[in-house]
Amino acid sequence: MASSILPLCTTNIPSSFSNNTNSSFLSKPSQIFLHGRSSQSFKVSCNANNNVSEHDKNLDAVDRRNVLLGFGGLYGAANLAPLATAAPSPPPDFKTCSKATITKGPEVSYSCCPPPLPKDTSTIPYYKLPPMNKLRIRSPAHLVDEEYIAKYNLAISRMKDLDKTDPLNPLGFKQQANIHCAYCNGAYRIGGKELQVHNSWLFFPFHRWYLYFYERILGKLIDDPTFALPYWNWDNPKGMRLPPMFDREGTSLYDERRNPQVRNRTVMDLGTFGSKVDTTELLLQNNNLILMYRQMVTNAPCPLLFFGARYVLGTNIEAPGTIEKIPHIPVHIWTGTGKPKYGEDMGNFYSAGLDPVFYCHHGNVDRMWNEWKALGGKRKDLTQPEWLNSEFFFYDENKNPYLVKIRDCLDMKKMGYDYAPSPTPWRNFKPNKKSSAGKLDTSLVPPASKIFPIFKLDVNTSFSLDRPASSRTQVEKDNKEEILTFSFIKYDNREYIRFDVYLNADKNVKPEDLNQAEYAGSYTSLPHTHKPGDDDHVSSATLQLAITELLEDNGLEKEEKIVVTLVPRKVGEGLAIGCVEIMLVDC
Ligand code: C2O
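Residues numbered from 1 in each chain as written. Predicted model: local features only at pLDDT ≥ 70, side-chain atom pairs only at ≥ 80, totals over all residues. Heavy atoms only, no water.

Caption draft 1: Focus on the overall build of the protein chain. Across its full length, the protein chain holds 17 helices and 15 strands. Counting over 587 residues, the protein chain shows a buried share of 62%. When the accessible surface of the protein chain is split by element, carbon and sulfur atoms take 51% of a total near 21900 Å². (Helix = DSSP H or I, 4+ residues; strand = E, 2+ residues; numbered from the N terminus. Buried < 20%, exposed > 50% of the residue type's maximum accessible area, 1.4 Å probe, protein only. Areas by Shrake-Rupley, 256 points an atom, 1.4 Å probe, with all protein chains shown as cover.)

This is the structure in structure tokens:
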């Protein structure tokens, strides 16, 4: 068994992180949500010893690489059962569709199930991509002309009209927005578990199919088979504002429930979690490009890091891909969390689709999928059959229900659309400013074993961590990526969550210090709630950061230990982290 892929934590942590009854832990406030529903609890065994334990043996039975990356160092035996079968995520179980939940206590529920379906849902056919003669070309939203804006407004207003004449028309504006709610706020079940298309490898393909049908419906409503959605070009300084066509009061692209801060050409913060970072427009744009570089290049050298964790029937671990975390979630937050109650529209999954800009935002998210592949190397689509065969359900522009598979959405041109090019200045935007002059004395920093598990991350926290190898050669680096992994990150998933990670940085690093070479990446989560009555709101998430490039850039390749600093930015009532480790992974 190669030690490089053994999922060992460097710390000894209580054998059951979720169910601890030791009174010294009970006094910690975050304990309130370390208690999940008992059926959801699982054992954590991040033992530092090298004995091959029961769970390691279990791991041998499955594809270890998938387990490591997909579940990010998850080795609780309780979670291995679904892995062994590895069934793809099937379409939602329509019969069990029930109310979704939009916020935490007192819980508010919301109906977003699809309109009545054929009695026998097993007769819903698979969708076949229709032949294409002319591609729909999606353009940057800040560059479109008045003619396009008029067309787009007309299409959306016709869609909104359908709500008035026939509220159950699946092509109506509200019904289309409900699709997102149903797949994201706990209305559907698969295999007895809640279906969730975020925080995993379902994220990119689900939204691609969603936009595909949405675009065709809009085109049909204005009788224009080449109509294409625009894309919000937030990865380019020229597009880092709310596209002006969405900011015209009284038009159908306008949404009065947006945060007022997004108006009047304000420059956006691609990493925002609600609080304003005091800086100039130029610096903000700079930080945005650095974030893009980190998420597209540094932290996504291989597919599972970009797409997010493996999600199969029975999955319950969350590990979103790099772009899903940032800037995807911050753009939702930046646009949505103004005065309305629950972050409407864009700041809450249940209502996000009610803002027309949602589909423009996701156009660029979808475009990033291509841009990432265009970077080359190991940056390719996933090939696991359980990804390719995962399924969703949508209505086409003729109101017919269809099942779709991920495998049929990998080629945009076959799907009949493409993106008009726009510069990608983040490609070479590597941060080079160093925060701490000179070298950190790692011996002055407590080892991870003294700090983990962290029961409540509420202040900047530094610890030192052993590397599995130092001074690696180029060939070794090409073969295996060095990955800093945090597992069993526990928090209340009805809260906005973000924390940042730095390597060998000054402990007092500030939120705006993203422009430093030591900034490694962030964990983020947008509230996503569960079925009413489901009282388990504890997420157990994983964060994996590829650090090979970061170590090079900070002159740390020879070090046997590195210092990691965690900076809480938004942690709700508390955030706990079970394990940390550095692994070498052939990803
Ligand atoms: Cu399904 Cu941007 O979220």
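Caption draft 2: Broad picture of the sheet that holds strand 14 (residues 561–570). An order of 9-14-11-12 is seen for the 4 strands of this open sheet, with the pairing classed as antiparallel. Of all strands in the sheet, those bounded by a partner on one side alone are strand 9 (461–466) and strand 12 (519–525). Here the strands of the sheet are splayed against their neighbours by 25° on average, with no regard to which way each runs. In terms of strand pairing, strand 11 (residues 497–503) meets strand 12 through 6 bridges, oriented antiparallel. Of the residues in strand 12, the one forming a bridge with Val501 is Gly521. Against the sheet, helix 11 (residues 322–336) makes contact with strand 11 and strand 12, and its axis sits at roughly 60° relative to strand 12, the strand it touches most. (Pairing = 2+ DSSP bridges. Axes fitted to C-alpha atoms, helices over the stretch in contact; angles between N-to-C directions. Contact = heavy atoms within 4.5 Å.)

Caption draft 3: Representation of the environment of Phe307 in the model. Secondary-structure assignment places Phe307 in helix 10 (residues 303–307). By relative accessible area, Phe307 is classed as buried at 1%. For the pair Phe307 and Thr322, spaced 15 residues apart in sequence, the C-alpha separation works out to 7.3 Å. Among all residues touching Phe307, those that are not within four sequence positions of it are Ser200, Trp201, Phe204, Gly321, Trp369, Trp372, Lys380, Asp381, Leu382 and Trp387.

Caption draft 4: Fine view of the sheet that holds strand 15 (residues 575–585). As summarised here, the arrangement of the 3 strands in space is 13-10-15, forming an open sheet in which the pairing is antiparallel. The sheet is open, and its two borders are formed by strand 13 (538–546) and strand 15, each paired with just one other strand. The average undirected angle you get between the axes of adjacent strands in this sheet is 20°. Here strand 10 (residues 481–492) pairs with strand 15 via 10 bridges, running antiparallel. Pairing of Phe486 across the sheet is with Val580, part of strand 15.

Caption draft 5: Structural context of the UniProt feature "binding site: Cu cation B" (unreviewed entry) in the protein chain. In the numbering used here, UniProt assigns the feature "binding site: Cu cation B" (unreviewed entry) to His328, His332 and His362. On the basis of their most widely separated C-alpha atoms, the annotated residues across 35 residues gather in one place, lying no more than 10.2 Å apart. Checked against the element boundaries, His328 lands in helix 11. In this structure His328 comes out as buried when scored by relative accessible area, which is 0%. When sequence neighbours within four positions are dropped, the list of residues in contact with His328 reads His198, Phe203, Ile323, Phe349, His361, His362 and Val365. Here His332 takes part through its side chain, which lies 3.1 Å from a polar atom of the side chain of His328. Position of His362 among the secondary structure elements: in helix 12 (residues 357–374). (UniProt positions renumbered as here; feature names shortened; annotations may be inferred. Polar contact = N/O pair within 3.5 Å; in protein donor to acceptor, adjacent residues only side chain to side chain.)

Caption draft 6: Highlighting unusual backbone geometry. At the junction of Ile326 and Pro327, the peptide bond is cis and its omega measures out at 5° in the coordinates. Along the polypeptide, Pro327 turns up in helix 11. In the segment running from Phe452 into Pro453, the intervening peptide bond is cis, with an omega of 0°. Phi angles above zero are rare outside glycine, and Lys399 is one such case at about 70°. Considering the arrangement of structural elements, one finds Lys399 in the loop between strand 6 (391–395) and strand 7 (401–405).

Caption draft 7: Structural detail: the nonpolar core. Of all hydrophobic cores here, the largest spans 112 residues; its most connected members are Tyr152, Tyr183, Trp209 and Phe392. Per-element tally for this core: the top contributor is helix 8 (residues 203–221), with 11 residues. Apart from residues lying up to four places away in sequence, Phe392 is in contact with Tyr183, Val197, Leu202, Pro205, Phe206, Trp209, Tyr402, Leu403, Val404 and Ile406. Of all hydrophobic cores here, the second largest spans 31 residues; its members include Leu457, Phe499, Leu545 and Leu566. (Core = buried A, V, L, I, M, F, W, Y, C linked by side-chain atoms within 4.5 Å.)

Caption draft 8: Representation of empty space enclosed by the protein in the model. Tallied over the entire structure, the rule returns 5 cavities of 30 Å³ or more. Looking at the largest cavity, its volume works out to about 120 Å³. For the largest cavity, the lining is made up of 15 residues, of which Pro114, Gln175, Ile179, Phe393 and Tyr395 are closest to its centre. For the lining of the largest cavity, the secondary structure elements donating two or more residues are helix 7 (173–184) and strand 6. The element best represented in the lining of the largest cavity is helix 7, accounting for 6 residues. Grouping the amino acids of the lining of the largest cavity by side-chain chemistry returns 12 nonpolar, 3 polar and no charged. As a volume, the second largest cavity reaches approximately 90 Å³. Lining the second largest cavity are 13 residues; nearest its centre among them are Leu304, Leu305, Ala319, Pro320 and Gln544. At the level of elements, helix 10, helix 11 and strand 13 are the ones that each hand at least two residues to the lining of the second largest cavity. Considering each element in turn, the lining of the second largest cavity owes the most residues, 3 residues, to strand 13. When its residues are assigned to classes, the lining of the second largest cavity shows 7 nonpolar, 5 polar and 1 charged. (1 Å grid on protein atoms, 1.4 Å probe; cavity = no way out; pocket = protein on both sides within 12 Å on 5 of 7 lines; lining within 4 Å. Points joined across faces, edges and corners; volume = space filled by probe spheres on them. Nonpolar A, V, L, I, M, F, W, Y, C, P; charged D, E, K, R; others polar.)

Caption draft 9: Molecular detail of the pattern of salt bridges. What the rule picks out here adds up to 28 salt bridges. Across the salt bridge formed by Arg138 and Glu215, the nearest N and O atoms sit 2.7 Å from each other. Within this pair, whereas Arg138 is found in strand 3 (residues 136–138), its partner Glu215 is found in helix 8, the two being separated by 77 residues in sequence. For the pair shown, Arg138 and Glu215 are each scored as buried. Between Arg494 and Asp492 there is a salt bridge, with the nearest N and O atoms lying 2.7 Å from each other. Neither Arg494 nor Asp492 differs from the other in exposure class; each is buried. Overlapping salt bridges bring together Arg138, Arg208, Glu215 and Asp366 as one network. (Salt bridge = Lys/Arg side-chain N within 4 Å of Asp/Glu carboxyl O.)

Caption draft 10: Expanded view of the state of the cysteines. In this structure the tally under the stated criterion is 3 disulfides. The partner cysteine of Cys97 in its disulfide is Cys113, sulfur to sulfur 2.0 Å. Judged by the torsion about the S-S bond (-100°), the Cys97/Cys113 disulfide is left-handed. Placement of Cys97 in the loop between helix 5 (80–85) and strand 1 (100–103) and of Cys113 in the loop between strand 2 (108–110) and strand 3 is noted, with a sequence separation of 16 residues between them. Looking at Cys113, the relative accessible area reads 26%, which means it is partly exposed. With a sulfur-sulfur separation of 2.0 Å, Cys302 is cross-linked through a disulfide to Cys587. Negative torsions about the S-S bond denote left-handed disulfides, and the value of about -90° found for Cys302 with Cys587 makes this one left-handed. With a gap of 285 residues between them, Cys302 in the loop between helix 9 (281–298) and helix 10 and Cys587 in the segment after strand 15 connect regions that are remote in the sequence. Residue Cys302 is classed as buried on the basis of its relative accessible area, which comes to 0%. Here Cys587 falls in the buried class, since its relative accessible area comes to 16%. No disulfide involves Cys184; its sulfur sits 7.6 Å from the nearest other cysteine sulfur, which is in Cys181. On the basis of relative accessible area, Cys184 is assigned to the buried category, the value being 0%. (Disulfide = S-S within 2.5 Å.)

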